[in-house]
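Here are the chains, one letter per residue:
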Amino acid sequence: MRFRIPMPSLRRTGGILILTASMSALSISAASAAGPNLLTNGDFESGLTGWTALRSTLSTVPGVSGNAVRATYASGTDYGVRAIARPVTGGVAGTQYTGDGMVRSDTPGKKVCIYLTEYAPGGSQIGQSKACTTTTTGWALLNTVTRTLTGSGGSLAFAVRQSAAVAGDSFDADSLSLVQEAGTTPSAPGLWHMNETSGDMLDSGAAPANNGTPAGTITRGVAGTVGTAYSFTRGWVTVPHDVSLNPGTQKVTVTAAINPVSIPTSGDYDIIRKGDYPAQLYKVELLKTGALSCAFRGSSGANTVISTNTIAANTGFHTIQCVKVAGQIQAVMDGVTTSKNANIGSIANTAPVVIGAHTGGDSGFFKGRIDEVSVAFG
């Protein structure tokens, strides 16, 4: 899309809008070096296709060039417009997205915000990022909002809303955009949707394909967060060692959705691990308190962080993550992050990745369903 506007101050370095000049006028192109616009009909040149109302009524009105959308307050304390389809699905932890656009209002002086809301594979909300702009009667850039995904396999929703709404309020929006920032997608050497009912557990991540072999007592094809899941009784899946599964000094994010049918009465349940003491490793465990334990051992040291929140048996799927960044490790349970300062260094070993039990399937058997497992670096 391209529109003409006599406001050279709208140039944004590294953002979504690029200012170009001609002999007769200045014009702005909706473009991004980061990537294509992930929103359907963000310029509303196809009317309201792809958009739905949030406690409002929607109509098309003249925009910066062509159409814009007008959201008129109907009920509640906030109102607006949202993209019907979530523009990001099957997200990868660590990927950054940026939302942008333009706004004006016949009832100026109100805060209009872009909301990026992240959801886990099971549909529960993980977190939300927003940026707000005070409206005027003229077209102005919405403040840019960014969100870095904290989980893998989930989705990201896009909406524009006004808060503190009263009868008669409305705002117009145009040139709405959501892009993936260049260079922010971590490598995903392991992404297992666990939708198979027979054969190997297939890897949907980056090459090479790190497929796994199930063993012991596992029931497959049971209801999962997305598609189906594996139900573990006394079983495990072994993914053979590959150097791609060693993070070195990179950021580590290990993610899974779990639905335990019991909590360990002694010891712990092993959920995901690569390596065993005293070798370098990363591992994810469920403790008898119902807390998440994340342990890392590398070239500079070893440490464990335990989540401050807990889960109970038979309470549905819960999204868990173990994260290592420079100088810190994190346990994330249902979006609640517990952090601990730690110097782990580089992690590398020749052990397989094992899901559902201790290395070799000799103890620590997880009991319940596991789905949407991923290992991401960077």
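Residues numbered from 1 in each chain as written. Predicted model: local features only at pLDDT ≥ 70, side-chain atom pairs only at ≥ 80, totals over all residues. Heavy atoms only, no water.

S.K.: How should I be thinking about the state of the cysteines in this particular structure?
M.R.: Two cysteines form a disulfide when their sulfur atoms are joined by a covalent bond. As enumerated under the stated definition, the model contains 2 disulfides in all. Covalent S-S linkage joins Cys-294 and Cys-322, the inter-sulfur distance amounting to 1.9 Å. Measuring the twist about the S-S bond at about -75°, one finds the Cys-294-Cys-322 disulfide to be left-handed. Here Cys-294 is found in strand β22 (residues 291–297), whereas its partner Cys-322 is found in strand β24 (residues 318–325), with 28 residues between them in sequence. Across the chain, the disulfide pattern expressed with sequentially numbered bonded cysteines is 1-2, 3-4. (Disulfide = S-S within 2.5 Å. Helix = DSSP H or I, 4+ residues; strand = E, 2+ residues; numbered from the N terminus.)

S.K.: Is there a simple way to explain the pairing of strand β13 (residues 145–148) in this structure?
M.R.: The side chains of a regular strand alternate between both faces of the sheet. Alternating positions in β13 separate cleanly, Val-145 and Arg-147 being buried on one face and Thr-146 and Thr-148 remaining unburied on the opposite face. In the sheet, strand β9 (residues 96–104) pairs with β13 via 4 bridges, with the strands oriented antiparallel. Paired with Tyr-97 across the strands is Arg-147, a residue of β13. (Buried < 20%, exposed > 50% of the residue type's maximum accessible area, 1.4 Å probe, protein only. Pairing = 2+ DSSP bridges.)

S.K.: Looking at this structure, I do not really get the environment of Arg-273. What am I missing?
M.R.: By the element assignment, Arg-273 lies in strand β20 (residues 268–274). For Arg-273, a relative accessible area of 1% corresponds to the buried category. Side chain to side chain, Arg-273 and Thr-359 meet in a polar contact 3.4 Å long. (Polar contact = N/O pair within 3.5 Å; in protein donor to acceptor, adjacent residues only side chain to side chain.)

S.K.: Would you mind going over the pattern of salt bridges with me for this structure?
M.R.: As a working rule, side chains carrying opposite charge can pair if their charged atoms are close by. Counting across every chain of the model gives 12 salt bridges. We note a salt bridge from Glu-118 to Arg-147, for which the minimum N-O separation is 3.0 Å. Of the two residues, Glu-118 sits in strand β10 (residues 111–119) while Arg-147 sits in strand β13, which places them 29 residues apart along the sequence. Overall, Arg-147 belongs to the buried group, its relative accessible area being 11%. (Salt bridge = Lys/Arg side-chain N within 4 Å of Asp/Glu carboxyl O.)

S.K.: Quick question: what am I supposed to make of the packing of aromatic side chains here?
M.R.: Note on aromatic pairs: each is described by the distance of the centres and the angle between the planes. Going through the model one piece at a time under the given rule, you end up with 8 aromatic pairs. Geometrically, the ring pair formed by Trp-51 and Phe-158 is edge-to-face, given 6.1 Å between the ring centres and 75° between the ring planes. Pair noted here: Trp-51 is in strand β4 (residues 51–54) and Phe-158 is in strand β14 (residues 155–162), with a separation of 107 residues, a long-range link. Look at Trp-51 and you get buried, because its relative accessible area is 5%. What makes Phe-158 buried here is its relative accessible area of 2%. For the pair Tyr-79 and Phe-171, a centre-to-centre distance of 5.5 Å together with 45° between the ring planes defines the contact as tilted. You can see Tyr-79 sitting in strand β7 (residues 79–83) and its partner Phe-171 sitting in strand β15 (residues 170–180), a full 92 residues away along the chain. The exposure classification of Tyr-79 matches that of Phe-171, with both residues buried. (Phe/Tyr/Trp six-rings, centres within 6.5 Å; stacked < 30°, edge-to-face > 60°.)

S.K.: Help me out: how do you make sense of the side chain of Asn-210 in this one?
M.R.: As for its position among the elements, Asn-210 is in the loop between β16 (187–192) and β17 (213–223). Relative accessible area serves as the criterion here: at 5%, Asn-210 is assigned to the buried category. Side chain to side chain, Asn-210 and Ser-244 meet in a polar contact 3.1 Å long.

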